[in-house]
Amino acid sequence: MKVLVAVKRVIDPYVRVRVAEDGSGVITKNAKMAMNPFDEIALEQAIQLKEAGIATQIIIAAIGNDNTQETLRKGLAMGADKAIHVNTNSALQPLAVAKVLHKIVSDEQPQLILLGKQSISGDNNQTGQMLAALLDWPQATFISDLAIEADIATVCREIDGGLETLSLTLPAVMTADLRLNEPRYASLPSIMKAKNKPLSVLTLEDLKLTLKDTYKVTTVSPPVARTPGVILKDVATLIDKLKHEAKVLS
Amino acid sequence: MSVIILAEHNHGHCHPNTLHTITAAQQLAAKVDVLVVGFQCQSVADELRLIEGVNSVLLADSQCYNNQLAEPVAKLLHNHAVHYTYLLAPASTFGKNIMPRVAAMLDVHQVSDITAIKDAQTFVRPIYAGNALETVQCTDEKKVLTIRSTAFALAKQGSQQAACVTIDDVIDWQKTRFIKQTLTKLERPELGVADVVVSGGRGLQNAENFKLLEQLAGKLNAAIGASRAAVDAGFVPNDYQVGQTGKVVAPRLYFAIGISGAIQHIAGMKDSKVIVAINQDEDAAIFNYADYGLVGDLFEIVPELIKALS
Ligand SMILES: Cc1cc2nc3c(=O)[nH]c(=O)nc-3n(C[C@H](O)[C@H](O)[C@H](O)COP(=O)(O)OP(=O)(O)OC[C@H]3O[C@@H](n4cnc5c(N)ncnc54)[C@H](O)[C@@H]3O)c2cc1C
Ligand SMILES: Nc1ncnc2c1ncn2[C@@H]1O[C@H](COP(=O)(O)O)[C@@H](O)[C@H]1O
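In this report, the structure presented in the accompanying data block is examined.

Cut-offs applied
Going along each chain's sequence as written, the residues are numbered from 1 onward. Each chain takes a letter, starting from A, and each ligand takes a number, starting from 1, following the order in which they are written. Per-residue local features of the predicted model are confined to residues with pLDDT of at least 70, and side-chain atom pairs are confined, for both listing and counting, to 80 or more; whole-chain, interface and lining totals are unaffected and use all residues. In computing side-chain properties, one takes all heavy atoms of the structure into account and sets aside hydrogens as well as water. What makes a salt bridge here is a side-chain nitrogen of Lys or Arg within 4 Å of a carboxyl oxygen of Asp or Glu, nothing more. In this text, helices come from DSSP runs of H or I with a minimum length of four residues, and strands from runs of E with a minimum of two, each type numbered from the N-terminal end. Between buried and exposed lies partly exposed: a residue is buried under 20% and exposed over 50% of the maximum accessible area for its type, with that area taken using a 1.4 Å probe on protein chains only. Proximity criterion: a residue is near a molecule or strand once any of its heavy atoms comes within 4 Å of it. Throughout this description, a polar contact denotes any pair of N or O atoms lying within 3.5 Å of each other; where both atoms belong to protein, one of them has to be capable of donating a hydrogen while the other can accept it, and for residues adjacent in sequence the pair is counted only when both atoms sit in side chains. Only the protein chains shown count as cover for residues, and all accessible areas are computed by the Shrake-Rupley method using a 1.4 Å probe. Amino acids outside the nonpolar list (Ala, Val, Leu, Ile, Met, Phe, Trp, Tyr, Cys, Pro) and the charged list (Asp, Glu, Lys, Arg) are all regarded as polar, and Gly is one of them. What counts as an axis is a line fitted to C-alpha atoms, over the stretch in contact for a helix, and the angles between N-to-C directions run from 0 to 180 degrees. With respect to orientation, any angle under 35 degrees is reported as roughly parallel, any angle over 145 as roughly antiparallel, any angle of 65 to 115 as roughly perpendicular, and every other angle as oblique. Each crossing is labelled by how the near helix is turned from the far one, with a counterclockwise turn of less than a right angle marking it left-handed and a clockwise turn marking it right-handed. We call two residues in contact when some of their heavy atoms are within 4.5 Å.

## What about the pattern of salt bridges?
No. 1: The full count for this structure, using the stated rule, is 24 salt bridges over all chains.
No. 2: Residue Glu-40 of chain A is joined to Lys-74 of chain A by a salt bridge in which the shortest nitrogen-to-oxygen separation is 2.9 Å. Pair noted here: Glu-40 of chain A is in helix α1 (residues 37-51) and Lys-74 of chain A is in helix α2 (residues 68-78), with a separation of 34 residues, a long-range link.
No. 3: Among the salt bridges present, the one from Lys-241 of chain A reaches Glu-245 of chain A, with a minimum N-O distance of 3.3 Å. A residue pair is termed a helical-turn pair when its members lie 3 or 4 positions apart in one helix, as Lys-241 of chain A and Glu-245 of chain A do in helix α6 (residues 235-245) at four residues.
No. 4: For Lys-241 of chain A, a relative accessible area of 23% corresponds to the partly exposed category.
No. 5: Via salt bridges that share partners, Glu-158 and Arg-179 of chain A together with Arg-228 and Asp-232 of chain B belong to a single interconnected network.

## Some details on the site of ligand 1
No. 1: The environment of ligand 1 is made up of 31 residues, and the closest members are Arg-202, Ser-227, Val-242, Ser-260 and Asn-279 of chain B.
No. 2: A distance of 2.6 Å is found between an oxygen atom of ligand 1 and a side-chain nitrogen or oxygen belonging to Arg-202 of chain B.
No. 3: Between ligand 1 and Thr-245 of chain B, the relevant distance is 2.8 Å, taken from a nitrogen atom to a side-chain nitrogen or oxygen of the residue.
No. 4: Bound to the protein, ligand 1 loses 87% of the 980 Å² it would expose on its own.
No. 5: For the shell around ligand 1, the elements supplying multiple residues, two or more each, are α1 of chain A together with α6 (228-232), α7 (263-266) and α8 (298-309) of chain B.
No. 6: Split into classes, the residues belonging to the shell around ligand 1 amount to 12 nonpolar, 15 polar and four charged.

## Concerning the packing of α6 of chain A against α8 of chain B
No. 1: At a minimum axis distance of 10 Å, the contact between α6 of chain A and α8 of chain B shows a crossing angle of 50°. One element, α6 of chain A, and the other, α8 of chain B, form an angle in the oblique class. Crossing of α6 of chain A over α8 of chain B shows right-handed handedness. Touching Val-235, Leu-238 and Ile-239 of chain A of α6 of chain A are Ile-301, Glu-304, Leu-305, Ala-308 and Leu-309 of chain B, all from α8 of chain B.
No. 2: Of the residues assigned to the contact of α6 of chain A with α8 of chain B, the class counts are seven nonpolar, no polar and one charged.

This is the structure we're talking about:
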């Protein structure tokens, strides 16, 4: 079974993000970048499926600028077999990303597609669901457990009230939540080996896609900061403040 | 122009998220319809008919919607989208699961997690874990939006009863089967809607110690929340997680206890009215966001607090 994993290059989750003063966006220049954490988890899941003899080939795909190849090399070092880079300088919205991935699916015919549940840059939480719709495939979002037997996948999903278990007939699209697994680190030998794994580069023109321009980000601004508070000396003072200053306790 | 809202409910009752979404919808159009999809959920439709600002309630009540699976629900909503300019749902795991599927079927974008509506096509939403706010102009002919509940007030009961229209579309979808749901039993108010939230982090050390927070929550009639670290370590169930990838809460009073204040946690609670932090590390980032801080051992401070509130 072939597995396709979509990976996005984002600002490292532990970097302090700053907004450009002209409101044009978030400053990415010189920022430390990383594979979107949820996508790392999705890829780890694919690798575990391969180790279990269920997956036969893992393809990773990323859409982004030239630097995106660094993220793909990392994915190859973790254990993916081949990478597809769709090279573009425009920041695509989930609908466009889903359409690009849809094309790749038509070419590669994977049985399982794994994505992250959300990109920590855009926080959209859309792409997997959109791709599933374009394919008319079953979907399982926010998964924290996956077991596959023949063409049936059993998943556990994290939902607001607790957990949900579903079974899906493959092919299917799934999005990874944080507790699905702990992604591995790539070893030095595997980083070396990854340099020779296949990485193909496509452009949006190659895919013959006309994408909509009906979603425009007009400004990006910093959030209103909270005014720093005070350190209190003891519990009695806290209770007093909550009652008489903040008036949130009666 | 008109709006259709996909209602979140548990077949018996409407979820408060739906009522927040109704408030957002009223800023977009005068005609707001609510779609209730489920099985044996007439009571949900009846609740919604009484809400102020609801024009009519559409009820799709069939066994095929029993588990509110994304695939059939999305198809149903898509079938009825033709009559509406806006399609809305709460930005909860329920709405997030279904709405992008509907948007892609309509070949339109979705604008996720909206916190403000500027005009008919301009919306504000947080990105980068709330480190930035993005203003988006969406000019698609139909707009699919998910609404952040904490940013919009709860719609109230009105004096009239809206019409209830039955929809009998049956959608056959065999490729996904529901096996089970394990819902966390709550003896306390629900995290997303509670007035007071007491959250614990890795500093609590184990599940047993969370009982301390339960005692405190009991005194305050509060819900219990947690950081990701506390959930990952198995101290509490996954649905307690507050943050970028968990729940977003904005109670009147939020306690962060033994939580360092990572930006991903802050993303889920920084709109709380008053924040109290208890941490032994005076340099912990959480103190930059807290209105009131106590520096010290939580195992000494929390029992004192419980005593003082008794
Ligand atoms: C993609 C991604 C998504 C994430 N999403 C979320 C999310 O939604 N929600 C979330 O919370 N996190 C999220 N995280 C994790 C986040 O980055 C932090 O790792 C996490 O919030 C830390 O939890 P914590 O504060 O409980 O633990 P720690 O950072 O370990 O902090 C524990 C704190 O407890 C204090 N402490 C210890 N003992 C005591 C004591 N006896 N008395 C008083 N204080 C004490 C310590 O001083 C410390 O400040 C995410 C991370 C990533 C990468
Ligand atoms: N530019 C991209 N390249 C590859 N995968 C992407 C890209 N954008 C989004 N994805 C995938 O879609 C998931 C959800 O992203 P989003 O819908 O933007 O929150 C991510 O976790 C990735 O798996």
